[in-house]
Amino acid sequence: MAIFFNDVSRTFGEYLLIPGLTTKQCIPENISLKTPLTKFNIKNGEESAIQLNIPLVSAIMQSVSDSGLAIELARNGGLSFIFGSQPVESQAEMVRRVKKFKAGFVISDSNLTPENTLSDVLTLIKKTGHSTIGITHDGTPNGKLLGIVTSRDYRAGKDNPNTQVKMFMTPFDKLTTGALGITLSEANQIIWEHKLNTLPIIDENQNLVYFVFRKDYDSHRENPNELSDENKKLMVGAGINSRDYRERVPALVEAGVDVLCIDSSDGYSEWQMETLKWIKEKYNNKVLVGAGNVVDKEGFDYLVNAGADFIKVGIGGGSICITREQKGIGRGQATAIIDVAKARNEYAEKTGIYVPICSDGGLVQDYHMVLALAMGADFLMMGRYFARFDESPTKKLTIGNRFVKEYWGEGSNRAQNWQRYDMGGTESLKFEEGVDSYVPYAGKMKDNLRITLGKVKATMCSCGAISIPELQKDAKITLVSSTSIIEGGAHDVILKEQN
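Residues numbered from 1 in each chain as written. Predicted model: local features only at pLDDT ≥ 70, side-chain atom pairs only at ≥ 80, totals over all residues. Heavy atoms only, no water.

Draft legend 1. Geometry of the packing of aromatic side chains. According to the stated counting rule, one finds 12 aromatic pairs in the structure shown. Geometrically, the ring pair formed by Y268 and Y302 is edge-to-face, given 5.4 Å between the ring centres and 65 degrees between the ring planes. Here Y268 is found in the loop between β15 (259-262) and α7 (270-282), whereas its partner Y302 is found in helix α8 (residues 297-305), with 34 residues between them in sequence. On the basis of relative accessible area, Y302 is assigned to the partly exposed category, the value being 25%. Taken together, F81, F310 and F379 form an aromatic cluster joined through their ring pairs. (Phe/Tyr/Trp six-rings, centres within 6.5 Å; stacked < 30°, edge-to-face > 60°. Helix = DSSP H or I, 4+ residues; strand = E, 2+ residues; numbered from the N terminus. Buried < 20%, exposed > 50% of the residue type's maximum accessible area, 1.4 Å probe, protein only.)

Draft legend 2. Expanded view of the pairing of strand β19 (residues 357-360). Side-chain alternation along β19 places I357 and S359 on one buried face and C358 and D360 on a second face that is also buried. Pairing analysis gives three bridges linking strand β17 (residues 311-313) to β19, with the strands arranged parallel. Directly across from K312, in β19, lies its bridge partner C358. Bridge count for β19 against strand β20 (residues 379-382) is three bridges, and the pairing is parallel. (Pairing = 2+ DSSP bridges.)

Draft legend 3. Focus on unusual backbone geometry. Residue N293 is reached from G292 by a cis peptide bond, and omega for that bond is 15 degrees. Here N293 shows up in strand β16 (residues 289-294). For N284, which is not glycine, the phi dihedral falls at a positive 55 degrees. Structurally, N284 can be placed in the loop between α7 and β16. Not every positive phi belongs to a glycine, and N285 is a case in point at roughly 65 degrees. You can see N285 is positioned in the loop between α7 and β16.

Draft legend 4. Here's a closer look at the environment of Q164. Looking at the element boundaries, Q164 is found in the loop between β9 (145-149) and β10 (170-171). Separated by 43 residues in the primary sequence, Q164 and V121 place their C-alpha atoms 9.7 Å from one another.

Here it is, written out as structure tokens:
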């Protein structure tokens, strides 16, 4: 006989937070939004291999997570999962772009010899987008450094394109350099003292090893929450499926991806179990990979026992997802998070291993983010929220008198990402589980994040919590009636028109 759940399936909009004691310590400046992304042992004092500086990741979607958005989100403390519904090599190239962007000690990917010409310089800049070129004896990234070329060394429209590089480069004897082994702090100090834009780092044989750029130092000062690895490179994730993972995963690992996530509307499957086990065995547990989506304890336990490093929770709650309409499966997002968080805590108590959970979908208002965290989510995956920004990959359009951006689901015909939704076998799906739509254009990510995270911190202060673990431990949550929801908004007044 079928199993019936007596609990009503509820959404975040049916709950409110009850204020806790706001102590003098509960001010926004003291709030920490750091949170673990991957599993760790709580009994021996381990920390997660990846700690997010803000509890936000972007959805694995064509209309959301490309390299441009990944760079900006990592600079602000979160993480993007580059969409997997594209050829393997193009996804790997997006990962490379993010890893190359960051700062610190950068291996030069723009190099020429003194015998090359200005025309070669301009062609290389167009190809790489980088205006600083290392001039080495053999044109390689680690050849003997003979000089550098920047945009100040030539006039593109006036100088003869056949002029050899050696005629206009800044030669080695006029360069300020750093010795291999110098710390990033020391390199930045040299840049500051000598008013440099670029500091070449060389070994004892004058071979070029790295560049350190002033703009990266300035960028880090402007982005104190930047999420970077031990080499000071931005961190990035990537979505994979349970079909072509044997080809896709090695390419992503080679490109430098920090974490993977199996992307599926329904992750409680043997396909995901096999994918997880293959990755863990092939890479000796050194490649981090999340799995999902699930909505209950059984799904959580199954994927964790298969080796998942985090679990994604939510089916059918996304703004462009119609899985519940089409297939009749899913669960209210709040109920799903509460149930899976309970399973996560039981697993941690039993094994000592804490497996973070990600709330994916169902967030309509900013305060829903705090509710999801309070109910047990460690971090939140969002699509619509990030699709609105300048940095998302879609076009900005004018519809009527409004600016909008395109936004479509991975289960729509436009995305054609059937790997995410298929159930195995050879037949492709014949129906959609996502729609094609628009979202209101919202401007720059940084400006919007500042407002959103300000609201999150203010709500946490009202709850008397200065960290996400404290919020999960001490938050008080109440169900609300439909009448009290109306009471919570503006009512019984005539609102003035707002431009």
